[in-house]
Amino acid sequence: FDAPITLENAPDQAEIPIMDGSAREFVRVFQAVGIQSLADDTRPVRITAPIAVHEGDATITIEPAERPHYTYRLEYPNGPIPPATAEWDGDRRAYIEGIAPARTFCLEHEAQAMRDAGLFGHLSYRDMLVIGDDGPIENEYRFPDECARHKLLDLIGDLALVGGPLIARVTAVRSGHALAHRAARAIVDQSQ
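Note that the structure is predicted; figures quoted are calculated from it, not measured.

Let's shift gears to the packing of aromatic side chains. Enumeration according to the criterion identifies three aromatic pairs in this entry. With a centroid separation of 6.2 Å and 75° between ring planes, the pair formed by Y76 and F105 is classed as edge-to-face. In this pair, Y76 sits in the loop between β4 (69-74) and β5 (84-88) while F105 sits in strand β6 (residues 105-107), placing the two residues 29 residues apart along the sequence. Taking relative accessible area as the criterion, Y76 reaches 31% and is therefore assigned partly exposed. Classification of F105 by relative accessible area gives buried; the value is 15%. Through a chain of ring-to-ring contacts, the aromatic side chains of Y70, W88 and Y95 assemble into a single cluster. Over the face of the ring belonging to F143 we find R149, whose NZ or CZ atom lies 4.0 Å from the ring centre.

Now the structure itself:
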């Protein structure tokens, strides 16, 4: 591509364009059109008893709290991505400036496997965050803990599927989308 894909120039496809792998462009568009208050019948989802889901060494715990607080602990043993922790307390500005810009990432061998499968051939390493043995390839981190921040972004988005703002203390370690979706189902089951 001559220009990066944005929401304005994305081709019509079945999937939302990956753009740079962050939520920054979506936030920019939302800010441009403005925020509207939700109807009065939208209620926060409150946790009444602890919930825990796990698979192998990945865990998500969700506990009752007076306000939202999310923590993501990234741990990739024996790899080029160092351990890191990212947190968010529900603050809009903190999300816009510190979480939304965090890009999705993959390791170099994963990127090569996707290319070998015919995926993402139109993208270069400058367009996506690919991590090699010495760090990002043809790119650089936006934050020293960008990978943990992106995993936190994923967690926030996945748990937003519960139908209202989640008021809970959420702690995730090594989890991904599948485990977060299980956690969201457990939250919905508890709130019924």
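From this point, the discussion proceeds with the structure in view.
Next up on the list: the sheet that holds β4. The strand order across the open sheet formed by five strands is β2-β3-β10-β4-β5, and the pairing between neighbours is mixed. In this open sheet, the two edge strands, each paired with only one partner strand, are β2 (51-55) and β5. If you compare each strand with its neighbour and ignore which way they point, the axes differ by 10° on average. Looking at chain direction, β2 and strand β3 (residues 58-63) are connected through five bridges and run antiparallel. Note on β3: the bridge partner recorded for V53 is I60. Against the sheet, helix α4 (residues 146-159) touches β3, β4, β5 and β10 (169-173), its axis set at about 135° to β4.

Attention shifts here to the layout of surface pockets. Estimates place the volume of the largest pocket at around 1700 Å³. If you trace the largest pocket, you find 46 residues lining it, with Y95, L153, I156, G157 and A160 closest to the centre. Within the residue set of the lining of the largest pocket, elements represented by two or more residues are α1 (24-33), β4, α2 (92-99), β6, α4, β9 (166-167) and α5 (177-191). The class makeup of the residues in the lining of the largest pocket is 28 nonpolar, 13 polar and five charged.

Within the largest apolar cluster, 41 residues are counted, with the highest numbers of intra-cluster contacts made by I60 and L155. Looking at this core element by element, the count peaks at seven residues for α4. Those residues in contact with I60, other than ones at most four positions away along the chain, are I51, A52, V53, L155, V170, T171, A172, S175, L179, A180 and A183. Membership of the second largest hydrophobic core comes to seven residues, among which are C106, A111, L123 and I137.

The next point concerns the packing of α4 against α5. At their nearest, the axes of α4 and α5 sit 9 Å apart, and the two run at 35° to each other. In terms of crossing hand, the pair formed by α4 and α5 is right-handed. Packed against α4, whose contacting residues are D154, L155, D158 and L159, the element α5 presents H177, A180, H181, A183, A184 and I187 at the interface. Split by residue class, the contact of α4 with α5 holds six nonpolar, two polar and two charged.

Criteria and thresholds
- Residues numbered from 1 in each chain as written.
- Predicted model: local features only at pLDDT ≥ 70, side-chain atom pairs only at ≥ 80, totals over all residues.
- Heavy atoms only, no water.
- Phe/Tyr/Trp six-rings, centres within 6.5 Å; stacked < 30°, edge-to-face > 60°.
- Helix = DSSP H or I, 4+ residues; strand = E, 2+ residues; numbered from the N terminus.
- Buried < 20%, exposed > 50% of the residue type's maximum accessible area, 1.4 Å probe, protein only.
- Lys NZ or Arg CZ within 6 Å of the ring centre and 35° of its normal.
- Pairing = 2+ DSSP bridges.
- Axes fitted to C-alpha atoms, helices over the stretch in contact; angles between N-to-C directions.
- Contact = heavy atoms within 4.5 Å.
- 1 Å grid on protein atoms, 1.4 Å probe; cavity = no way out; pocket = protein on both sides within 12 Å on 5 of 7 lines; lining within 4 Å.
- Points joined across faces, edges and corners; volume = space filled by probe spheres on them.
- Nonpolar A, V, L, I, M, F, W, Y, C, P; charged D, E, K, R; others polar.
- Core = buried A, V, L, I, M, F, W, Y, C linked by side-chain atoms within 4.5 Å.
- Left-handed = near helix turned anticlockwise from the far one by under 90°.

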